[in-house]
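Now for the letters of each chain:
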Amino acid sequence: MFPALPRPRVRAQVSLRFRARACVLAVLSASGLAILELVRQETGTAGFLVGLGLAVLPVAPLLAAFRWLGRAAPRPWALLLFCFAWGACTAALIAILANDFATEWIAGATADPSDADLLGSVAIAPVVEESAKAAALLAVFAFRGRQFTGPADGFTVAGFTATGFAFTENVLYLGNAFTEDLQGSVGVLDSVTLATFFVRIVLSPFAHPLFTVLTGLGFGAAAAVRAGRRRSRPARCGLPLLGLALAVGLHALWNSSSRMGEYGFYRVYGCVMVPLFGLLLWLAVRMRRRRLREVAGELEVYAAAGWLAPAEVSAMASVPARSLARALARRSGGRAAGRAVARYEADAAALALLRHRARTGPAWDPEFAGREAELLRSLWQRRATAGPALARAAALEDLLPPRRPFVPAARRPGLPTGSGPWSGATPAGPSPIRRCGPPGGGGGR
């Protein structure tokens, strides 16, 4: 039986979580209202609406791409929405206020507006903007360590944060361009809005995500070090700072490209941005495949202990099979069944990564047993719905291993002592699954 937490401790934890979420929601709401009014005042109502309509176009494809990377071990939607909202509201508000203050201070100190604009765009803006976006990654890294376990998580969290920031910035730039076109009564070919749309939405919608992903990889590497056998405090602090420094440097290079002569922008775009984008895309594919292999390998231990069927492990190793399982569940049992399968898949992936960290990390993690019990309980509660759907999806996707030839009972070799569906899974991990029944039953843990 899984021991329950004392009731006062549970109530204190729920109260603390509620207060923390209320504070986060209040900060995001206040900064959202403030940035909304600032952008509207800057662009005008007509410019704001036009900029909003154009800036929203690349948001869905970018979020889908980063979500695709995180499918191997799905993160809670609330966490991803927090990152997007932080980038679009809080980080954008900090950037606007800090950049304006710095530019005005430099202009007053040097009495040269051109120098102020140059220093503001090349030296001030990259530091302020990347630091504001990195604050969301730091919050997730510090307070949601379970959802930040490696470079793949840093990649996804950074992508959502930067996409939100780029969305608000695009609204501002496109809105100002449209207002300028209205005041100048220019033609279509000379439209500043069209030129801005082409540069920011068509050519470089990935610019801000590209910068911040470098910071995310730094935090992800620090998370891997934190979970490793050899913990190093300098590495855990230095890797995020290194990633942030690379993001600031690339951002500064991108902002200064337009001042590098007639073809400076195209040289930086073609020789730096596009190759780096291709490199990070290749890295994302490799990280996704590696995480799927880790999930499947660790879940085989739980399948040997009877918690999952082998067909479920095969389905968990394939993202298309997971999607098919959710679709099959929705078709037969409605949305509730689809949500149950989605939660089952997320918990199974989290369980596999938890065991992987415990097996490859320090000799003993005091939180491992409790977290493992919590995830196993959640899996057991939904297995009646999710198990058949995953098994059916594995069969339809042709993922099941070939059947072994039948061996008559008289010729079947004797099983070793302790084998069976509920035997301990000691060879592959630090915490064996002892003989136990379903959560809440008479078995002991």
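Residues numbered from 1 in each chain as written. Predicted model: local features only at pLDDT ≥ 70, side-chain atom pairs only at ≥ 80, totals over all residues. Heavy atoms only, no water.

Engineer: Would you explain the pattern of salt bridges in this entry?
Structural biologist: All told, the structure shown has 12 salt bridges when counted by the stated rule. Notably, a salt bridge pairs K133 with E130, separated by 2.8 Å at the nearest N-O pair. Taken together, the residues span about one helical turn, with K133 and E130 both in helix α4 (residues 113-143) at a distance of 3 residues. The pair formed by K133 and E130 is uniform in burial state, with each residue classed as buried. Connected via shared salt-bridge partners are R75, D153 and R291. (Salt bridge = Lys/Arg side-chain N within 4 Å of Asp/Glu carboxyl O. Helix = DSSP H or I, 4+ residues; strand = E, 2+ residues; numbered from the N terminus. Buried < 20%, exposed > 50% of the residue type's maximum accessible area, 1.4 Å probe, protein only.)

Engineer: Help me out: how do you make sense of the side chain of R200 in this one?
Structural biologist: Looking at the secondary structure, you find R200 in helix α6 (residues 192-203). Polar contacts involving the side chain of R200 include one to the side chain of N170, which spans 2.7 Å. Residues contacting R200, with those up to four places away along its chain left out, are E169, N170, Y173 and P205. (Polar contact = N/O pair within 3.5 Å; in protein donor to acceptor, adjacent residues only side chain to side chain. Contact = heavy atoms within 4.5 Å.)

Engineer: Explain a positive patch on the surface here, please?
Structural biologist: Among the surface-exposed residues, R17, R21, R144 and R146 lie close enough to one another that they form a single positively charged patch. Turning to its location among the elements, R21 is positioned in helix α1 (residues 7-55). (Patch = residues over 30% accessible without salt bridge, like charges linked within 9 Å, V, L, I, M, F, W, Y side chains within 5 Å. Areas by Shrake-Rupley, 256 points an atom, 1.4 Å probe, with all protein chains shown as cover. Lys, Arg positive; Asp, Glu negative; His and termini not counted. Charge placed at Lys NZ, Arg CZ, Asp CG, Glu CD.)

Engineer: Sorry, what's going on with the UniProt feature "transmembrane region" (unreviewed entry) in the protein chain here?
Structural biologist: The sites that carry the UniProt feature "transmembrane region" (unreviewed entry) are, in the present numbering, residues 20-39, 45-66, 78-98, 206-225, 237-254 and 266-285. Between the end C-alpha atoms of residues 78-98 there is a gap of 28 Å, over a span that is 100% helix and 0% strand. As annotated, residues 237-254 has a helix share of 100% and a strand share of 0%, and its two end C-alpha atoms lie 26 Å apart. (UniProt positions renumbered as here; feature names shortened; annotations may be inferred.)

Engineer: How should I be thinking about the packing of helix α9 (residues 264-304) against helix α11 (residues 319-360) in this particular structure?
Structural biologist: Packed helix pairs are specified by the crossing angle of their axes together with the interaxial distance, meaning the distance between the axes. One way to put it is that α9 packs onto α11 with a least axis distance of 8 Å and a crossing angle of 85°. Comparing their axes, α11 and α9 come out roughly perpendicular. Between α9, through R288, R291, L292, E294, V295, E298, L299, V301 and Y302, and α11, the contact on the second element is made entirely by V319, R322, A348, A349, L351, A352, L353, R355, H356 and R359. (Axes fitted to C-alpha atoms, helices over the stretch in contact; angles between N-to-C directions. Parallel < 35°, antiparallel > 145°, perpendicular 65-115°, else oblique.)

Engineer: Sorry, what's going on with helix α8 (residues 233-256) here?
Structural biologist: Residues that lie three or four places apart on an α-helix share one face, since the helix turns once every 3.6 residues. In a regular helix each residue adds 1.5 Å, so 24 residues correspond to 34 Å; α8 covers 35 Å between its end C-alpha atoms and thus fits that length. Among all positions of α8, only P240, G243, L244, A247, V248, L250, H251, A252, W254 and S256 are buried. (Expected span 1.5 Å × (residues − 1).)

Engineer: So what exactly am I meant to see when it comes to the nonpolar core here?
Structural biologist: One broad trend across soluble globular proteins is that nonpolar side chains are buried collectively. F155, W254 and M273 are the most contacted members of the largest nonpolar core, which totals 61 residues. For this core, the element with the most residues is helix α3 (residues 77-110), which contributes 12 residues. W254 has contacts with S204, A207, F211, F265, V268, Y269 and M273, leaving out every residue within four places of it along the chain. Formed by 36 residues, the second largest nonpolar core is a distinct cluster that contains A315, Y344, L354 and L376. (Core = buried A, V, L, I, M, F, W, Y, C linked by side-chain atoms within 4.5 Å.)

Engineer: How should I be thinking about the side chain of E312 in this particular structure?
Structural biologist: Within the secondary structure, E312 sits in helix α10 (residues 310-316). Given the relative accessible area of 2%, E312 is considered buried. Here R383 takes part through its side chain, which lies 3.4 Å from a polar atom of the side chain of E312.

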